[in-house]
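# Structure assessment
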Amino acid sequence: MKYWFPTNKKKIKEFHQYFQAYDEDFEYGSQLPECLLRNWSKSKKWFLELFEKNIPDIKACKSAKNNSMTLLQATLDIVETETSKENSPNYGLLLLWASLSNAVPIAFWTLAYVLSHPDIHKAIMEGISSVFGKAGKDKIKVSEDDLEKLLLIKWCVLETIRLKAPGVITRKVVKPVEILNYIIPSGDLLMLSPFWLHRNPKYFPEPELFKPERWKKANLEKHSFLDCFMAFGSGKFQCPGRWFALLEVQICVILILYKYDCSLLDPLPKQSSLHLVGVPQPEGQCRIEYKQRI
Ligand code: HEM
């Protein structure tokens, strides 16, 4: 994938700037004419051209070890079999946004919640030391077995996702539908808020508290979440990246906490109200002090 990932500082900065502009107006992009969203439109075009240019290389680059595919390669395969090649850049961009804009802030919020709860932080560090040893100098590989021994981390990620769930999930009504004696005409938008659903004490007692242990009740081995947990949507269009997201955030948290002793220098920030779609970002800065564990 050497052609696709930006590798020098200038290119990384450029990628970051375009992604920021694309992310900032993402939720308006599907509703408003692009002439009203000049910056957004420019960044979208930049990404689509980037995908268009790199898709042949992305598809050709096979794993040296075995014939496994990346998620993006598998997606492109399906898109090109089921629809048409012309759609590939759009699906690539959807995958890029959906993964980066949700999993990255969840990784940040999970670390911030853990570090702002000293008892949980301590229990996690004891778990990491018992699985990987006390010092953070060695290179480690995190296996499925290791993850099972560090269940508290998985609960912390899920509890973070519960608290920082997207503000709305939207569906366009395609056939008139009756809800509570009201007829919703086709063309209207129906919205559900996972964020507020997760704050209903009937389903989640003491909803504002960060309580990873509430996830003890979920049957995670059978791949089911807690009742009324809706952060990944539901039904046919439910997030296809949900188990991958859970896995990558757990591994990211483990690697950071194994390698570094971390502490928060700022209080847990409020969340920004900029986005209703996707995981909210922090409103202000939240500095973390870190030093290598030896
Ligand atoms: C914690 C992180 C994540 C959260 C909270 C999240 C949440 C969501 C939600 C709420 C939806 C809309 C579901 C609906 O309309 O019912 C969605 C869709 C989607 N997600 Fe995720 N997501 C996350 C991570 C990821 C990752 C890592 C990927 C890719 C690797 C991904 C790929 C997608 C895609 C492609 C869709 C569109 C599905 C469609 O419209 O058919 N997501 N996600």
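Nothing here was measured: the structure is a model prediction, and the numbers come from that model. (Residues numbered from 1 in each chain as written. Predicted model: local features only at pLDDT ≥ 70, side-chain atom pairs only at ≥ 80, totals over all residues. Heavy atoms only, no water.)

To continue, consider the coordination of the iron atom of the ligand. The sole protein-derived ligand of the iron atom of the ligand is Cys239 (SG), positioned 2.3 Å away. Among the structural elements, Cys239 can be located in the loop between helix 9 (194-197) and helix 10 (242-259). (Donors = N, O, S within 2.8 Å, 3.2 Å for Na, K, Ca; no water. Helix = DSSP H or I, 4+ residues; strand = E, 2+ residues; numbered from the N terminus.)

Moving on to empty space enclosed by the protein. Counted under the stated rule, the structure contains one cavity of 30 Å³ or more. In this structure, the largest cavity encloses a volume near 30 Å³. Every residue lining the largest cavity is listed: Asp23, Trp97, Ser101, Asn102, His275, Val277, Gly278, Val279 and Gln281. Along the lines of polarity and charge, the residues of the lining of the largest cavity split into three nonpolar, five polar and one charged. (1 Å grid on protein atoms, 1.4 Å probe; cavity = no way out; pocket = protein on both sides within 12 Å on 5 of 7 lines; lining within 4 Å. Points joined across faces, edges and corners; volume = space filled by probe spheres on them. Nonpolar A, V, L, I, M, F, W, Y, C, P; charged D, E, K, R; others polar.)

For the rest of this paragraph, the subject is the site of the ligand. Lining the immediate surroundings of the ligand are 23 residues, of which Leu71, Arg171, Ala231, Phe237 and Cys239 lie closest. Contact between the ligand and Ser234: an oxygen atom at 3.5 Å from a main-chain N or O atom of the residue. Counting residues per element, the ones that place at least two in the shell around the ligand are helix 5 (88-115), strand 1 (169-172) and helix 10. Broken down by element, the residue count for the shell around the ligand peaks at six residues, all from helix 5. Tallied by class, the residues present in the shell around the ligand amount to 16 nonpolar, five polar and two charged. (Near = heavy atom within 4 Å. Polar contact = N/O pair within 3.5 Å; in protein donor to acceptor, adjacent residues only side chain to side chain.)

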